[in-house]
Amino acid sequence: MFTSPFPDVEVPETSIYDDLFGDLSAEDAARIALIDPATGAETTYGALKAQIDAVAGALASRGVGVGTVVGLLCPNVPAFATVFHGILRAGATVTTINSLSTAGEIQKQLTDAATTWLFTVSPLLPQAKTAADAVGIDADHLIVLDGADGHPDLRALLSEGRTPPPVDIDPATQVAVLPYSSGTTGVPKGVMLSHRNLVANVAQCRVNIDLRSSDRVLAVLPFFHIYGMTVLLNLALKQRATLVTMPKFDLVQFLENIQRFGCTYLYIAPPIAVALAKHPIVDQYDISTVHTVFSGAAPLDGETAEAAGRRIGARMMQGYGMSELSPVSHAMPYSRDDIPVSSVGTLLPNIVCKLIDTETGEEITETGPEGTTRPGELWIKGPNVMLGYLGKPEATAETLDADGFLHTGDVAVHHEGGYFSIVDRVKELIKYHGYQIAPAELEALLLSHPKVLDAAVIGVLDEERDEIPKAFVVAAPDSGLTEEDVKAFVAEHVAPYKKVRRVEFVEAIPKSTSGKILRKDLRARESAA
Ligand code: 4UW
């Protein structure tokens, strides 16, 4: 078993609201928590806390509290923070929804999470409303933050000026958030993260970072995804730093915002590192204020990261996380400069992990002559490990063992210096630009096409070494089904990042005797091609 180089930290036994805002000093209340580049509007910590309380009060007066699940379909704008923490302060559970989702995808999540209230913004109202109508969420339970006819809006909730009643929750068992993740297999599932999970991961991350109240963090990674939720939103708020929100990624706006607001700290996914290393336009901006760039959510190429760091004169770091881990388990410690950026760093405090041989199931303990272990599946235990998947005891039991270890489905090695590298993935999951794609979801969709007899989806690397979904399709005889037909059909039903980007027609899908798709065989076929 591997242990963290850090001594354990204390995990406060409180709600995430109390952890972040319970002891807000007058000095911190005057600091700027959020900046909206679209309007230049600044929100202080004091104003943010007051708004969160008002939202919680308004929701509580409508009966929202412990046991209510509230959907949040909203890009990164300052109001996300208000509503997210307002819902939690009221004692309810938030299920965050990818803002690129189609109406069908939203509906699935609302149904699975038994959501009875939904917050959104007017540009996303058409798909939000279609989904809300389908699950029976009335117009007065569909709150449109910036306002829309027939719906409550944020200004109205805030203007009620209510004080929320105290809520009695057990931080260890009360589900705070329900982000969706496919885990190691199957379709997206609600990941039950408790208040304690969220509070713990903030406390664990704090040990390891150099993020201060003087920092300005560019929040371009989405808050609805666990990386943005914990590391951008909650961690930056805990540190009393300033978040500059960006609703979507655009390289020019990204650079402009860094220059305009003097951002110092960037959290990115690997494609942004590629742009920082290679795109000519980067030279046209003064982004010299940036001192640290953290990448995660997908494999980062070490050379690209080093080139990006040299070019912009910033320290490049990498972390590893997973929704089921709230999310961070590994990160580069800022206090060490001997760890290569191609690795994911050391274990955070309060975490232990094992590497398990994927063939034999044995724990790997020996270090090889080069100072590195053999690769093994990473199993993780700590206070940030999820409670389980909502309503899916079998999927939970497959992922979370009786000893409390979460089986990540990622393959890692341990190096002598106490740090780890992620070298492979044994789960089905595909990561496109850091976003999750569940092959099982695309396979089920493909099978619903009348001309598709069978289908399987795996991740392959494109020319830029980006992982993309490729579909193997068995077409009905003489159906005339084309690659373009398949791509268009999928594109019509799913968020753009989930599009099938390659199609190959095959005679049959390789399957085990029990009918499971042999993805290994498809991968082998792919690498032989
Ligand atoms: N290298 C290789 C990596 C890496 C990786 C993740 O969508 P989820 O469930 O969650 C995430 C969370 C990422 C994250 C959170 C906090 C943080 O500090 C950080 O680094 C700065 C990253 O993506 O997907 C989880 C899956 O994504 C892959 C891996 O397969 C994991 O199981 N993944 N980080 N550095 N692969």
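Criteria and cut-off values
- Residues numbered from 1 in each chain as written.
- Predicted model: local features only at pLDDT ≥ 70, side-chain atom pairs only at ≥ 80, totals over all residues.
- Heavy atoms only, no water.
- UniProt positions renumbered as here; feature names shortened; annotations may be inferred.
- Axes fitted to C-alpha atoms, helices over the stretch in contact; angles between N-to-C directions.
- Helix = DSSP H or I, 4+ residues; strand = E, 2+ residues; numbered from the N terminus.
- Parallel < 35°, antiparallel > 145°, perpendicular 65-115°, else oblique.
- Contact = heavy atoms within 4.5 Å.
- Nonpolar A, V, L, I, M, F, W, Y, C, P; charged D, E, K, R; others polar.
- Pairing = 2+ DSSP bridges.
- Near = heavy atom within 4 Å.
- Polar contact = N/O pair within 3.5 Å; in protein donor to acceptor, adjacent residues only side chain to side chain.

Looking up the protein chain in an unreviewed UniProt entry gives the name AMP-binding protein, with the organism given as Microbacterium flavum. Turning to the protein chain, the UniProt annotation filed under Sequence similarities (unreviewed entry) states: "Belongs to the ATP-dependent AMP-binding enzyme family."

Caption draft 1: Seen up close, the packing of helix 8 (residues 195-208) against helix 9 (residues 226-238). Running from N to C, helix 8 and helix 9 point in directions that differ by 75 degrees, and their axes come no closer than 10 Å. Relative to helix 9, the element helix 8 is oriented roughly perpendicular. Together, Leu198, Asn201, Val202, Cys205 and Arg206 of helix 8 and Thr230, Asn234, Leu235 and Lys238 of helix 9 make up the contact between the two elements. When the residues that make up the contact of helix 8 with helix 9 are grouped by side-chain class, the tally is four nonpolar, three polar and two charged.

Caption draft 2: Highlighting the sheet that holds strand 26 (residues 467-475). In spatial order, the strands read 25-26-27; together these three strands make up an open sheet with mixed pairing. The open sheet has two free edges, formed respectively by strand 25 (452-461) and strand 27 (502-505), since each of these has just one partner strand. Strand-to-strand, the axes of this sheet are offset by a mean angle of 25 degrees, without reference to chain direction. Set on the sheet, helix 15 (residues 483-493) makes contact with strand 26 and strand 27; between it and strand 27 the angle comes to about 130 degrees.

Caption draft 3: Region of interest: the site of the ligand. Taken together, the neighbourhood of the ligand is formed by 26 residues, with His225, Ser323, Asp410, Lys427 and Lys431 sitting nearest. Contact between the ligand and histidine 225: an oxygen atom at 2.7 Å from a side-chain N or O atom of the residue. A distance of 2.6 Å separates an oxygen atom of the ligand from a polar atom in the side chain of serine 323. Contributing elements (two or more residues each) for the shell around the ligand: helix 9, strand 14 (292-295), strand 15 (315-321) and strand 22 (420-425). Among the elements that line the shell around the ligand, the one with the most residues is strand 15, at four residues. Looking at the shell around the ligand residue by residue, the classes come out as 14 nonpolar, eight polar and four charged.

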